[in-house]
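Report on the structure
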Amino acid sequence: MDISVFVPGHITGFFNIENNVNPLKNGSCGAGFLVNRGVLTDISSCDTLEIEVNQGDYTVINEVLKILKIEKPVKITQDIQLPIGAGFGTSAASALGLAIALNEFFSLGYTLEECGQIAHRAEINLGSGLGDVIAQMGKGIVLRTKAGAPGIGEIKSFPDEEIIIATKTFGEIDTASVIQNPEYKKIISDAGLELKNRFVENPSIGNFLDFSFEFSKKTNLMSDEVSELIDYFNSLDDILGSSMAMLGNTVFAFAYNEDVFKNLNIEGLDIYELDNIGIKYDKH
Ligand SMILES: Nc1ncnc2c1ncn2[C@@H]1O[C@H](COP(=O)(O)OP(=O)(O)OP(=O)(O)O)[C@@H](O)[C@H]1O
Ligand SMILES: CC(C)(CO)[C@@H](O)C(=O)[O-]
């Protein structure tokens, strides 16, 4: 029996850091959205432990195997369909997909929420994310109202909008170096908390985009090239809004129609849809 699990990528627009000594309570609040590309994890039988990934290294996979104490022979294949380290939450998608797939393959008996907690723990241990795993359990635009792992934190999904998303990546930002830096932590948390509270009062696509842009400006995390492209997108009538993907050297923009982006002829622009479905499994 082979197991396939797809976990969508998650881009954060704005967030605040809520550190806690309990890794399951350690996390972030804020808002982001899911895209229809992510990480596809396949598990199948094998005589040895075999790992195959199309990009990146085995850090995330090894962390999940360690938490689950799995040393049995199995073949793990991951297709990472988005750039790594660029704000798409690929480390979380990789950890979550693997935890779900291993649980199913070895009949470990964990609930989906518990698989989410294992993935969240892996993210916290590696410093590679705070709120991506819980957001990836949602659909569409996801608001995080209480920090922590699935089952402890709280989210609200806004799944019904059909939105086209364009992204352009200029490079990586090492998530750990930002979220563990005391100065950044303070600026991010102050700005993120205020915007999250305003968004809870008035959640809409327009506010998500405006607040994300406000957050990017307040936190000073934008490189010049990111800032210039965002300004360009925001100057165009057919584009709903644009901001920086947290935490990556990446710009995202929303529109209702993909031709809007195609007609711009911007080199290296990737086009996705808002993912209103969420995690997908397949046994074969
Ligand atoms: N499947 C994976 N996805 C992402 N990073 C991975 C993966 N496997 C190993 N890594 C490593 O883990 C680190 C993750 O970095 P980072 O947290 O910045 O990436 P991300 O999760 O893709 O993006 P972000 O957290 O900014 O949304 C990198 O050093 C990367 O090489
Ligand atoms: C820290 C973070 C921005 C990294 O992608 C994300 O995990 C979040 O929003 O908590």
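Each remark here, short or long, concerns the structure printed above.
The following paragraphs examine the structure supplied in this document. (Residues numbered from 1 in each chain as written. Chains lettered and ligands numbered in written order. Predicted model: local features only at pLDDT ≥ 70, side-chain atom pairs only at ≥ 80, totals over all residues.)

With that settled, the discussion passes to the overall build of the protein. Tallying secondary structure elements over the protein gives 9 helices and 11 strands in all. In terms of C-alpha radius of gyration, the protein reaches 18 Å, essentially the compact-globule figure of 19 Å for 284 residues. Split into buried and exposed, the 284 residues of the protein put 50% on the buried side. Counting only contacts in the protein whose residues sit at least 6 apart along the sequence, the fraction spanning at least 24 positions is 73%. (Helix = DSSP H or I, 4+ residues; strand = E, 2+ residues; numbered from the N terminus. Rg over C-alpha atoms; globule rule 2.2 N^0.38 Å. Buried ≥ 20, exposed ≤ 12 C-beta atoms within 10 Å, placed from the backbone. Contact = placed C-beta atoms within 7 Å.)

Bringing unusual backbone geometry into the picture now. For the bond running from Met246 to Leu247, omega is 0 degrees, close enough to zero to count as cis. Within the secondary structure, Leu247 is located in the loop between β8 (241-244) and β9 (249-255). A positive phi is found at Asn220, a non-glycine position, where the angle reads about 60 degrees. Its location among the elements puts Asn220 in the loop between α7 (205-219) and α8 (224-234). Asn220 gets classed as exposed once you count the C-beta atoms within 10 Å, which come to 9.

Moving on, we come to the site of ligand 2. Lining the immediate surroundings of ligand 2 are 14 residues, of which Thr12, Ser28, Gly129, Leu130 and Gly131 lie closest. At the level of secondary structure, the elements contributing two or more residues to the shell around ligand 2 comprise β1 (3-18), β2 (27-44) and α5 (175-179). Within the shell around ligand 2, the residues separate by chemical class into 5 nonpolar, 8 polar and 1 charged. (Near = placed C-beta within 6 Å. Nonpolar A, V, L, I, M, F, W, Y, C, P; charged D, E, K, R; others polar.)

Moving on to the site of ligand 1. In the vicinity of ligand 1 lie 20 residues, with Thr90, Ser91, Ser94, Ser128 and Thr175 positioned nearest. Looking at the shell around ligand 1, the element that brings in the most residues is helix α2 (residues 90-105), giving 4 residues. Considered class by class, the residues forming the shell around ligand 1 number 6 nonpolar, 12 polar and 2 charged.

Every buried residue belonging to α8 is among Val226, Leu229, Ile230 and Phe233, and all of these are buried. What you see down the axis of α8 is that its buried residues fit within an arc of 105 degrees, all on one side. For α8, exposure combined with an orientation more than 90 degrees from the buried face picks out Asp224, Glu228 and Asp231. Lining the buried residues of α8 we find β7 (164-171), α7, β8 and β9. (Arc of directions from axis to C-beta.)

So, about the nonpolar core. For soluble globular proteins, nonpolar side chains are generally found buried alongside one another. Core analysis: the largest hydrophobic core is formed by 82 residues, its most contacted members being Val64, Ala95, Leu96, Leu98, Ala99 and Ala119. Top contributing element to this core by residue count: α2, with 9 residues. (Core = buried A, V, L, I, M, F, W, Y, C linked by C-beta atoms within 7 Å.)

The next point concerns the packing of helix α1 (residues 59-67) against helix α3 (residues 112-126). It is the contact of α1 with α3, at a shortest axis distance of 9 Å, that shows an interaxial angle of 120 degrees. The angle between the axes of α1 and α3 places the two elements in the oblique class. With respect to the hand of their crossing, α1 and α3 are arranged in right-handed fashion. Contacts from Thr59, Val60, Glu63, Val64 and Ile67 in α1 reach Ile118, Ala119, Arg121, Ala122, Asn125 and Leu126 in α3. (Axes fitted to C-alpha atoms, helices over the stretch in contact; angles between N-to-C directions. Parallel < 35°, antiparallel > 145°, perpendicular 65-115°, else oblique. Left-handed = near helix turned anticlockwise from the far one by under 90°.)

All right, on to the environment of Lys185 then. Position of Lys185 among the secondary structure elements: in helix α6 (residues 182-201). Using a count of 15 C-beta atoms within 10 Å as the deciding quantity, one classes Lys185 as partly exposed. As a C-alpha pair, Lys185 and Ile17 span 168 residues in sequence and 6.7 Å in three-dimensional space.

Here we come to the environment of Phe252. Among the structural elements, Phe252 can be located in strand β9. Taking C-alpha positions, Phe252 is 22 Å from Leu40, a pair spaced 212 residues apart along the chain. Ignoring sequence-local partners within four residues, the contact set of Phe252 consists of Ile11, Ile165, Thr167, Ser242, Ser243 and Ala245.

A separate point is the sheet that holds β7. Reading across from one edge, β8-β9-β7-β10 is the order of the 4 strands in this open sheet, with antiparallel pairing throughout. Each of the sheet's edge strands pairs with one partner strand only, and the pair in question is β8 and β10 (270-273). In this sheet, adjacent strand axes meet at a mean angle of 25 degrees when their direction is disregarded. Together, β8 and β9 form the strand contacts of α7, whose direction differs from that of β8 by roughly 35 degrees. Across the face of the sheet, α8 comes into contact with β7, β8 and β9 while running at roughly 170 degrees to β8. (Pairing = 2+ DSSP bridges.)

Counting buried residues along β1, 15 of its 16 residues qualify, which places the element largely inside the surrounding structure. Note that β1 and β2 share 15 bridges and pair antiparallel. Pairing of Ile17 across the sheet is with Ser28, part of β2. Sheet topology note: the β1/strand β11 (residues 280-283) ladder contains 4 bridges and is antiparallel. Among the inter-strand pairings, Phe6 is bridged to a residue of β11, identified as Lys280.

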